[in-house]
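The chain contents come next:
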Amino acid sequence: MTPRPPSSGPDPKKTAEEKSAKKAAAERTPAQKAVKKTAKTPAKKAAAKKTATRKAVAEKTAAEKAPARKGVAKTTATGKSVTRKTAAARKAPAVKKTVAKKTPAPRRAPAGAAPAPAAPVEVPAPLAPAAGDRERLLAGTHHDPHSVLGAHPVPGGIAVRVFRPYALAVTVLAGELRAELHHDGDGFFSGLLPLDEVPAYRLLVAYEGTVQETEDPYRFLPTLGDLDLHLIGEGRHEQLWQALGAHPTTHQGVSGTRFAVWAPNARGVRVAGGFNFWDGTGHPMRSLGGTGVWEVFLPGIGPGELYKFEITRPDGSRTFRADPLARRTEVPPATSSVVYASDYTWGDDAWLASRAGAPAHEAPLSVYEVHLPSWRPGLTYRELADQLPAYVKDLGFTHVELMPVAEHPFGGSWGYQVTGFYAPTARLGEPDDFKYLVDRLHQAGIGVLMDWVPAHFPRDDWALAEFDGRPLYEHSDPLRAAHPDWGTLEFDFGRREVRNFLVANAVYWCEEFHIDGLRVDAVASMLYLDYSREPGQWTPNEHGGRENLDAVAFLQEMNATVYRRVPGVVTIAEESTAWDGVTRATHHKGPSGFGGLGFGLKWNMGWMHDSLEYMSHDPVHRKYHHGEMTFSMVYAYSENYVLPISHDEVVHGKRSLVSKMPGDWWQQRANERAYLGFMWAHPGKQLLFMGQEFAQGAEWSEERGPDWWLLDPRYGAAADHRGVLDLVRDLNTVYRDTPALWQRDTHPAGFSWIVGDAAEDNVLAFLRCDADGAPLLAVSNFAPVVRPDYRLGVPDEVPAWHEVLNTDAARYGGSDVGNPGPVKPEPQGWHGRPASIRLTLPPLATVWLRPA
């Protein structure tokens, strides 16, 4: 500390009254001695301004004193009046401490003990903050405000410094001790307590027209420990959300909220919110070591408070930023973070215990993709919980996939431009409300997958972009940072803290919200340095290749961490290229030399594009495109696949699924039904976007959602749409009850062609088998004609076959052509099989047969 000049002491001219008082004091016992000085006012003008306020403080202080015992007044070195306990209530003498750089933990004195008699001391330096500290605190650039503010042992007592802008007076309350602090200007107050150790104290702060009793935030120790900081520094804090962000807690016996944020380039960080009228001047945070983490504990702040971080950039300018780890936000377009504490009690223990029974690629998995804000527009999370689980369970889907629920500013992005990676969107309710929806789905036996977007983020100047004044979450190279397709910024996967932010985020959704799987968006854009970039717009990796090695390492780490921490969860890659080993284990290297990415499943984008292209052609032309329906089996076992008919295929002029089909209205519906039957029988898991399950004719719009009115019985064509809905229900029911359709999805032994080259007939037929060899025969006729007595080769060990599903059934809106009775094999070999059967193939239909 800066040395302090000796005190000038009292006026040498004594009045008779003063001499009399001194004589009386000399007659008291040493333990009772106290010296009363006259407080000197620093300026007459300031004294006049504070007269009314000090009177209010004095009245409050007097009301709080115990009437049974009066204190004896003593004057501090600042000249302010202090009330001390009498001898019977004083604490015992303590060993005098040297000045410490860090504030020691406040300790309460033993009851009934008394301090050593006060003796005149020379106190070094003024108690007000040094000029440099003062300037940095006012400018918001102080790295360690706790070293200046709060209570600190100094020669002669305990120095207390308080920074309260707009306050007129501040009084320290420590037990029965009352010490009004000296106003040093600009909101700084200081004083010397005649104590030997730091007490537990509170502040009485007087503002114009009000007096508040409160805790001093700068008397508290850090809320983050060495282990947290070590893990953050290494980029290995797998529960980062428990360390950073805003957390209501009790710290050193006091309730409040601890705030922590990573901003290594900031010159200073302050907390601003509704509790300080969005002026963070009086709430600077401290920097903890070399981690780039800033922290402060603010007493009295609880759940529901709005806040942001006021960051002073390297150039001295300031920016208000939402908390990157906020667990709750305001409803957009408002952008503040909200202090949040969950008190939700889960009821899905049975679901969690059972979900790890079999890996996803060996279990039934059919997914209903949902955009929550538009599924039933206007419903909250809790209102959705009363409708969505029942609807999905009735249709037999095993899972729902929720389009990004993480907070996003622009609804038209459908949630794919995220600003609140740790906060469910506030549009539909609070985080506990979202937990309730997940819980209700689990209790209905439905798994919950969630779209997760770690590839990029928007440029909003209140969110992650140049968060602390320099590129932080994004890459420092502008060519690497700018996403060429969406006008967003790509994460810097090579920075360990950024990888930690994202890996912990994946774990967060699975652990805190019981999410059963993450569908990772835009993986291809992460894997390739030249993704959507022209020559000269990208830089090769260290080996001269186009692979983004940092992104590969991140995805491997994310998958390994999630599977290790949350058994039973599945990760799914939306990856549209032929990258080798997307679903291969991370420790197994492939031909390319890379270890696998470690995903559980991968979207089969090739199957989706090829099959939809085939179906869009008029049946008379389909024979020229037959290979588009068979090519997928060339690579079907290279990865663990999901067959997606997702939201991307039914928007922006691509038309809805039924509208992609050729022909009149009857033929369009028949084509869709035949296609769905083929899709559910094909190796791989199924995903269908909302509205396509009842053949909605219009494209999806996030502004209005599905056209539910099509199912209204009062609508003349409602039966047509209900027929497709009934088919989807039956597809899921038979699918779940038939292990041949899902148990060996990733094993070549689970599939065999009966006929894959009947291009002239537009016919495809194949067998699916379960682990015990039990078969299911799937036959699709994509021609608009009936094919009677169509011969197909079959195994000779099956004595008879019977239809278990026919997409042309009358109840689905079809022509009701089929095979009602058992179909027995004939000993005539066909298609390389020892036996054969003759079937009647309905027009534009798929039939499934099982052993009778």
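Please read all numbers here as calculations on a predicted model, not as lab measurements.

Conventions and cut-offs
Residues numbered from 1 in each chain as written. Predicted model: local features only at pLDDT ≥ 70, side-chain atom pairs only at ≥ 80, totals over all residues. Heavy atoms only, no water. Helix = DSSP H or I, 4+ residues; strand = E, 2+ residues; numbered from the N terminus. Expected span 1.5 Å × (residues − 1). Buried < 20%, exposed > 50% of the residue type's maximum accessible area, 1.4 Å probe, protein only. Contact = heavy atoms within 4.5 Å. Pairing = 2+ DSSP bridges. Axes fitted to C-alpha atoms, helices over the stretch in contact; angles between N-to-C directions. Parallel < 35°, antiparallel > 145°, perpendicular 65-115°, else oblique. Left-handed = near helix turned anticlockwise from the far one by under 90°. Nonpolar A, V, L, I, M, F, W, Y, C, P; charged D, E, K, R; others polar. Salt bridge = Lys/Arg side-chain N within 4 Å of Asp/Glu carboxyl O.

**Student:** Residues and numbers for helix α14 (residues 605–616), please.
**Tutor:** The end-to-end C-alpha distance of α14, which contains 12 residues, comes to 17 Å, matching closely the 16 Å that a straight helix rising 1.5 Å per residue would cover. Burial in α14 covers these residues: Met 605, Trp 607, Met 608, Ser 611, Leu 612, Tyr 614 and Met 615. Where α14 is buried, its residues meet β28 (601–603), α15 (627–630), α16 (632–635), β29 (641–645) and α17 (665–681).

**Student:** I'd like to hear about the sheet that holds strand β8 (residues 188–193), residue by residue, with values.
**Tutor:** Sheet strands associate in pairs through backbone hydrogen bonding, adopting either a parallel or an antiparallel arrangement. One open sheet accounts for four strands, arranged β3-β4-β8-β7; its pairing is antiparallel. Among the strands making up the open sheet, the edge pair consists of β3 (150–154) and β7 (182–185). Each strand of the sheet is rotated relative to its neighbour by a mean of 25°, with strand direction disregarded. Direction of pairing for β3 relative to strand β4 (residues 157–163): antiparallel, over a ladder of five bridges. Residue pairing across strands places Pro 153 opposite Ile 158, the latter belonging to β4.

**Student:** Just give me the short version of the packing of helix α11 (residues 496–512) against helix α13 (residues 549–565), but keep the residues and values in it.
**Tutor:** The relative placement of two packed helices is expressed as an angle between their axes plus a distance between the axes. Orientation of α11 relative to α13, taken along the N-to-C sense of each, is 30°, at an axis distance of 10 Å. When the axes of α11 and α13 are compared, the pair comes out roughly parallel. As for the relative orientation of α11 and α13, their crossing is right-handed in sense. Residues Arg 499, Leu 502, Val 503, Ala 506, Val 507, Cys 510 and Glu 511 of α11 touch α13, and the partners they reach there are Phe 554, Glu 557, Met 558, Thr 561, Val 562 and Arg 565. Taken together, the residues that form the contact of α11 with α13 break down as eight nonpolar, one polar and four charged.

**Student:** Outline the environment of Ala 845, supporting the account with residue identities and numerical values.
**Tutor:** Looking at the element boundaries, Ala 845 is found in strand β37 (residues 845–851). Note on Ala 845: relative accessible area 1%, which makes it buried. Along the sequence, Ala 845 and Ser 815 sit 30 residues apart, while their C-alpha atoms lie 9.9 Å from each other. Every residue in contact with Ala 845, bar those within four places of it in the chain, is listed here: Ala 674, Val 779, Ser 780, Asn 781, Asn 806, Thr 807 and Asp 808.

**Student:** Quick rundown of the pattern of salt bridges? Include the residues and the values.
**Tutor:** Throughout the structure, instances matching the rule amount to 40 salt bridges. We note a salt bridge from Arg 427 to Glu 407, for which the minimum N-O separation is 2.8 Å. With a gap of 20 residues between them, Arg 427 in the loop between β22 (420–424) and α9 (431–443) and Glu 407 in strand β21 (residues 406–407) connect regions that are remote in the sequence. Judged by its relative accessible area of 27%, Arg 427 is partly exposed.

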